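Structure at a glance
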Amino acid sequence: MAFGPFLLLALMEGLVTAAVLALAASGLALVFGVMRVVNVAHGEFFMLGAVIAWFVASLIPGPAWMAFAAALVVAPLAVAALAALADALVLKRLNYDPEATIVATIGLLYMLQQAALTVYGPDARPVAAPFDLRLQLPWFGYSGYKLFVIAAAAVVLAGIWALMTHTRAGLVMRATQVDRDVARAFGIDVDRVYMGTFALGAGLAALAGVLIVPITQAHYLMGGDPLLLSFIVVIIGGLGSLRGTLVAALVIGLSDGVISMFFSPTLAKILATLLVALVLVFRPQGLFGTRT
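Scoring rules and cut-offs
- Residues numbered from 1 in each chain as written.
- Predicted model: local features only at pLDDT ≥ 70, side-chain atom pairs only at ≥ 80, totals over all residues.
- Heavy atoms only, no water.
- Helix = DSSP H or I, 4+ residues; strand = E, 2+ residues; numbered from the N terminus.
- Rg over C-alpha atoms; globule rule 2.2 N^0.38 Å.
- Buried < 20%, exposed > 50% of the residue type's maximum accessible area, 1.4 Å probe, protein only.
- Contact = heavy atoms within 4.5 Å.
- Areas by Shrake-Rupley, 256 points an atom, 1.4 Å probe, with all protein chains shown as cover.
- Core = buried A, V, L, I, M, F, W, Y, C linked by side-chain atoms within 4.5 Å.
- pLDDT = per-residue confidence, 0-100.
- Arc of directions from axis to C-beta.

1. Let's talk about the overall build of the chain
- Looking only at helices and strands, the chain has 11 helices and two strands in total.
- Along the chain, helices and strands appear, N-terminal first, in the series α-α-α-α-β-β-α-α-α-α-α-α-α.
- Its C-alpha radius of gyration of 19 Å places the chain within 12% of the 19 Å reference for a compact globule of 292 residues.
- The C-alpha extent of the chain, read off along each of the three principal axes, is 65 × 50 × 35 Å.
- Taking all 292 residues of the chain together, the buried fraction comes to 48%.
- In the chain, the proportion of contacts linking residues at least 24 apart, taken out of those at least 6 apart, comes to 76%.
- Summed over all atoms, the accessible surface of the chain reaches about 13,900 Å², with 71% contributed by carbon and sulfur.

2. Quick notes on unusual backbone geometry
- The residue R36 is not glycine, and still its phi comes out positive at about 60°.
- Topologically, R36 is positioned in the loop between α1 (3–35) and α2 (42–59).
- Here the phi dihedral of Y96 falls at roughly 55°; this positive angle occurs in a residue that is not glycine.
- Relative to the helices and strands, Y96 resides in the loop between α3 (64–91) and α4 (98–120).

3. Topic: the nonpolar core
- Membership of the largest hydrophobic core comes to 86 residues, with the highest contact counts inside it found for L23, M35, F45, F46, L211 and I252.
- Tallying contributions element by element places α1 first for this core, with 16 residues.
- Aside from chain neighbours lying at most four places away, what touches I252 is L21, L229, I232, V233, I236, A272 and L275.

4. Description of the confidence of the model for the chain
- A residue-level look at the chain finds 97% of positions with pLDDT of 70 or above and a mean pLDDT of 88.
- Per-element confidence in the chain is highest for helix α8 (residues 190–212), whose mean pLDDT is 95, and lowest for strand β2 (residues 141–143), whose mean pLDDT is 77.

5. A few points about helix α6 (residues 168–178)
- Every buried residue of α6 is accounted for by G170, V172, M173 and T176. Projected onto a plane normal to the axis of α6, the buried residues spread over an arc of 160° and lie on a single side. With respect to the buried face of α6, the exposed residues turned more than 90 degrees away are R168 and V178.

Structure, rendered in structure tokens:
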């Protein structure tokens, strides 16, 4: 193959990475934007989505699409419920103090990781894709499921944008984000908003894990890279900025695909970290963030 087809393949792989990363990072951005909580356990919610998808796929007989469809519903809801419980039992009791919640979510990270190791085991296990479609381009064949991942992520992200901008729930979340004391004075149940936001962020991470597991494999340590890349995306895009998160995810995903194809995945991570350093030096609020 000539250079052009290789570049096209790298860009398509980068779009898949960007789609999954945008889902995971948007959950992290929502939690920080509304609650001002840095959720260090966010990667473990991603991991739980993949692990629960494996359990659902192994328990439901029949065609692969049926098990995968069930996993798409069950895993995000189960992880969101777990996150809501963690919020009620831990974060709320700490009054959402920024420093205390960082320590608490670090502890939650290790608890979830070790629980997955105990119940699921140390092995990486595959989950079958819901369909086996391969599109034959002039230069190479490409997985139809990967294109489905891009489309599914785009639909979900459009739904999140509509939720935040065109619904009463989004208005309440944005009001709480601006000033929780004023929001409480106007009768908004801030604790309930925080619980829903934390659950929504965790559910988005779990959904990203379900979508990626047929491409990779479910493993109890798979949350590390998504957590790091999500932080990179959120910092570059601007803390709490959903638009910045999407743009940064696209930039990081495409650059990761191209650099990994022609050089090495390690170099892609190094350059992404360097970009974070440059953003923090020259624009600490991120590309689309605002100074506070």
